[in-house]
Each structure stands twice: as structure tokens, then as C-alpha cells.
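For reference, the chains in residue letters:
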Amino acid sequence: MTTEPKDPVADLAPEPAVPSLVDRYFTRWYKADVKGKPCEDHCILQHSNRICVITLAGSHPVLQSGKTIKSISYQISTNCSRLQNKVSGKFKRGAQFLTELAPLCKIYCSDGEEYTISSCVRGRLMEVNENILHKPSILQEKPSTEGYIAVVLPKFEESKSITEGLLTQKEYEEVVVKRLRATTAAS
């Protein structure tokens, strides 16, 4: 019984990576410098059924600079709380309507910094992630999955146009590279 000699090059070749659930079923869109605030980038995961999941982009200061999240609040104003959103039925009655700049939540860090997370897409608020209220670290550990901010359903008529003004993955990577070059050149 002879055995085939092992090919050392084959051992070094990486296994083909299996795409994650997010990579397989969602298209990533980005909004850079939301409301003119540098580096406060958001990521919108758009499913083929037009539902959008709002998350933080990898370059957001909350994910980058090793900040500690003290708390997260869906209380937007004295009269508006995203937690009061109650959706029911086929036509999603009771869902709060959001514009692109509508605030979803506020993130408070232990260093005193405060970040307001915006919707970035027009549509109805389907749900907010209450899990990040109890365990804010999920937002930093798993921002694209369990640490999402909210789920928004755009109007059917607007589902094609919601990506106008948003960046593709490649365009967003170019923006981040330009930012890095600008900060490196400035120092």
C-alpha cells in the first residue's frame, strides 16, 4: 500500500472562504461623514426583499478608537422614543416613518463623547435592536450582525432610489484610503 506524497504547496493554499450570511444575502451600502461629521460613517445592509439593516461602518469612531460605550438610548426627544415603535399587520401599521437624516439612537461613551446614529434611508421603522441596550459591547463586537441598530423598510416605489447618495463597498474603501492619506500627510 503506497501513499501519495503530500504536496507542500497545496497545504499552504487557503481554503476557499465561505461567505457569511450577511455577505451572501445583503448588499452593503455606506454613508460617509453623516451630517457632515468626519468619520461618522454608517453601513446599510440591503436585502433583496428591500429591507435595510442600519449598522455602524467599520471606520466609525465607536468601533475604531477603542472607546467604551457607557449607554445607548433610543429616546430621541421628550416626545419621541424609537422603543415606542409598534408595528402590526400586513401594511406595517404603527411604524414610525423616517427620513434620511432622522435620528435612530444616541450612543454615549465613557469619555464623554456622544454619537447620534441616523437612518440614512427613508422608510418605516420595523424594529430597533433592544439587545444593545442591555449589552452595548455587542455593537462593537459584532456590528454587522447582532450589533445592528435598526431595521427599516423603504416604500416599494422608493426601493430602487434609496441607494442614491450612498456609496458602494469599493467607493467607500476609496474614501477611507483618502482619509488615511490626508491624516498621514497632515502629521
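Scroll up to find the structure this text is about.
Bear in mind the structure is a predicted one, so any value in this text is a computation, not a measurement. Residue indices begin from 1 for each chain and proceed along its sequence in written order. Only residues with pLDDT of at least 70 get local features here, since the model is predicted, and only at 80 or more are side-chain atom pairs given and counted; chain-wide, interface and lining totals rely on the full set of residues. As a rule here, side-chain values come from all non-hydrogen atoms in the structure, and water together with hydrogens is ignored.

## Some details on the environment of Q64
Okay, so step 1: Along the chain, Q64 turns up in helix α3 (residues 61-64).
Okay, so step 2: Exposure remark for Q64: the relative accessible area of 54% places this residue in the exposed category.
Okay, so step 3: Residues adjacent in sequence count toward polar contacts only when both atoms are side-chain atoms; beyond that, a polar contact is any pair of N or O atoms within 3.5 Å, and within protein one must be able to donate a hydrogen and the other to accept it. A polar atom in the side chain of Q64 sits 2.7 Å from the backbone oxygen of G58. Numbering of helices and strands starts at the N terminus; helices are DSSP runs of H or I of at least 4 residues and strands are runs of E of at least 2. The rule is simple: take the accessible area with a 1.4 Å probe, protein chains only, and divide by the maximum for that residue type; under 20% is buried, over 50% is exposed, in between is partly exposed.

## Re the nonpolar core
Okay, so step 1: Among buried residues, the Ala, Val, Leu, Ile, Met, Phe, Trp, Tyr and Cys ones that are joined through side-chain atoms within 4.5 Å form a nonpolar core. Membership of the largest hydrophobic core comes to 29 residues, with the highest contact counts inside it found for I44, I107, V121 and I149.
Okay, so step 2: Those elements that place two or more of their residues in this core are β3 (52-56), β4 (69-73), β6 (103-109), β7 (114-118), β8 (123-128) and β9 (150-153).
Okay, so step 3: Considering every element that reaches this core, the biggest residue donor is β6, with 4 residues.
Okay, so step 4: For I107, the contacting residues outside a window of four places in its chain are L56, V62, I69, S71, I72, E113, E114, Y115, I117 and L139. Any two residues whose heavy atoms approach within 4.5 Å at even a single point are treated as in contact.

## A short note on the packing of aromatic side chains
A ring pair, where both rings are aromatic, is described by two values, the distance of the centres and the angle of the planes.
Okay, so step 1: Here a Phe, Tyr or Trp ring, Trp counted by its six-membered ring, pairs with any other such ring whose centre lies within 6.5 Å, and the pair is stacked when the planes are under 30 degrees apart, edge-to-face when over 60, and tilted otherwise. Tallying each qualifying case throughout the model produces 1 aromatic pair.
Okay, so step 2: With a centroid separation of 4.1 Å and an interplanar angle of 5°, the aromatic rings of Y30 and Y172 are classed as stacked. Of this pair, Y30 sits in strand β1 (residues 26-31) while Y172 sits in helix α6 (residues 169-186), placing them 142 residues apart in sequence.
Okay, so step 3: Y172 sits in the buried class, given a relative accessible area of 5%.

## Here's the deal with the sheet that holds β4
Okay, so step 1: Here we have 3 strands laid out as an open sheet, ordered β4-β6-β7, and antiparallel in their pairing. Unpaired on one side and paired on the other, β4 and β7 mark the two borders of the sheet. Between one strand and the next, the sheet's axes are offset by a mean angle of 20°, whatever the strand orientation.
Okay, so step 2: Direction of pairing for β6 relative to β7: antiparallel, over a ladder of 5 bridges. Bridged to I107 within β7 is Y115. At least two DSSP bridges between two strands are required for those strands to pair. With axes taken as lines fitted to C-alpha atoms, and helix axes fitted only over the stretch in contact, angles between N-to-C directions fall between 0 and 180 degrees.

## Digging into the sheet that holds β3
Okay, so step 1: Ordered in space as β1-β2-β3-β9-β8-β5, the 6 strands form an open sheet in which the pairing is antiparallel. Across the chains shown, the open sheet's two edge strands, defined by having one partner strand only, are β1 and β5 (97-98).

## Remarks on the pairing of β8
Okay, so step 1: Sheet topology note: the β5/β8 ladder contains 2 bridges and is antiparallel. By the bridge assignment for β8, F97 is matched with R124.
Okay, so step 2: In the sheet, β8 pairs with β9 via 4 bridges, with the strands oriented antiparallel. The residue of β9 that forms the bridge with L125 is V152.

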